Amino acid sequence: QVQLVESGGGLVQAGGSLRLSCVASGRTFSNYIMGWFRQAPGKEREFVAAIRSSSSFTLYRDSVKGRFFISRDNAKNTVYLQMNSLKPEDTAVYYCAAEPRQYYTGNLYDERTYDYWGQGTQVTVSS
């Protein structure tokens, strides 16, 4: 059983920045594929970013490219989402997700790929 705990959400003005953190349990965190998803009120949960065990392999949805950056610190069992130039449309609950299979070749954009989820952290961007 992998447990994930997100933190770092809050209220910011448009154009501001936040860094989300997700701390994972498990001795094999360094092998996990990690992802960030978000869900706005009345909307489906959508992919934001993902990172493989090799930090050189990252994915982002188009709307956050150049603004959001995913990274990981395996020594701390932590994945981060640095969010810059925030827009009101970024307002959502952000969820951390984990896929323990290091070499999983499925669709990393699909929430069904991930086996474990955190409880979410609220990000609100005001105009």
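Please refer to the structure higher up on the page.
Below or above, wherever it landed, is the structure these notes cover.

Analysis parameters
- Residues numbered from 1 in each chain as written.
- Predicted model: local features only at pLDDT ≥ 70, side-chain atom pairs only at ≥ 80, totals over all residues.
- Heavy atoms only, no water.
- Helix = DSSP H or I, 4+ residues; strand = E, 2+ residues; numbered from the N terminus.
- Rg over C-alpha atoms; globule rule 2.2 N^0.38 Å.
- Buried < 20%, exposed > 50% of the residue type's maximum accessible area, 1.4 Å probe, protein only.
- Contact = heavy atoms within 4.5 Å.
- Areas by Shrake-Rupley, 256 points an atom, 1.4 Å probe, with all protein chains shown as cover.
- Lys, Arg positive; Asp, Glu negative; His and termini not counted.
- Charge placed at Lys NZ, Arg CZ, Asp CG, Glu CD.
- Core = buried A, V, L, I, M, F, W, Y, C linked by side-chain atoms within 4.5 Å.
- Phe/Tyr/Trp six-rings, centres within 6.5 Å; stacked < 30°, edge-to-face > 60°.
- Lys NZ or Arg CZ within 6 Å of the ring centre and 35° of its normal.

A tally of helices and strands in the protein yields zero helices and 11 strands. Counting from the amino terminus, the protein carries its helices and strands in the arrangement β-β-β-β-β-β-β-β-β-β-β. Its C-alpha atoms give the protein a radius of gyration of 14 Å, near enough to 14 Å, the size a compact globule of 127 residues would have. In terms of principal-axis extent, the alpha carbons of the protein reach across some 40 × 25 × 25 Å. When each of the 127 residues of the protein is scored for burial, the buried share is 40%. If you take every contact in the protein between residues at least 6 apart in sequence, the share linking residues at least 24 apart comes to 59%. Surface summary for the protein: the accessible area is close to 6,600 Å², and the carbon and sulfur share equals 47%. In the protein, 14 positive and 11 negative side-chain charges are present, and the distance between their average locations comes to 4 Å.

M34, W36, L81, M83 and Y94 are the most contacted members of the largest nonpolar core, which has 28 residues in total. Elements with a contribution of two residues or more to this core: strand 3 (18–24), strand 4 (33–39), strand 5 (46–51), strand 7 (68–73), strand 8 (78–83), strand 9 (92–99) and strand 11 (121–126). Leaving out residues up to four positions away in the same chain, L81 has contacts with L18, R19, L20, W36, V48, A49, F68, F69, I70 and Y94. Counting residues in hydrophobic clusters, the runner-up holds seven residues, among them I33, F37, F47 and Y114.

Looking now at the packing of aromatic side chains. Taken as a whole, this structure holds six aromatic pairs when the rule is applied. Between F29 and Y32 the ring centres are 5.9 Å apart and the planes differ by 70 degrees, which places this aromatic pair in the edge-to-face class. A relative accessible area of 0% places F29 in the buried class. The structure contains a cluster of three or more aromatic residues connected by ring pairs, namely F37, F47, Y109, Y114 and W117. Directly above the ring of Y95 sits R45, whose terminal nitrogen or CZ lies 5.2 Å from the centroid. The ring of W117 carries the charged tip of R45 above its face, separated from the ring centre by 3.9 Å.

Of note, F37 is situated in strand 4. Sequence separation between F37 and P100 is 63 residues, and the spatial gap between their C-alpha atoms is 17 Å.

With respect to the secondary-structure elements, G35 resides in strand 4. Judged by relative accessible area, which is 0%, G35 ranks as buried. Linking G35 and Y95, residues 60 residues apart in sequence, is a C-alpha distance of 8.3 Å. If we skip the residues at most four places from it in the chain, G35 touches A49, A50, Y95, C96, A97 and Y114.

Look at N77: it is not a glycine, yet its phi comes out positive at around 50 degrees. Note that N77 resides in the loop between strand 7 and strand 8. Under the relative-accessibility criterion, N77 is labelled buried at 18%.

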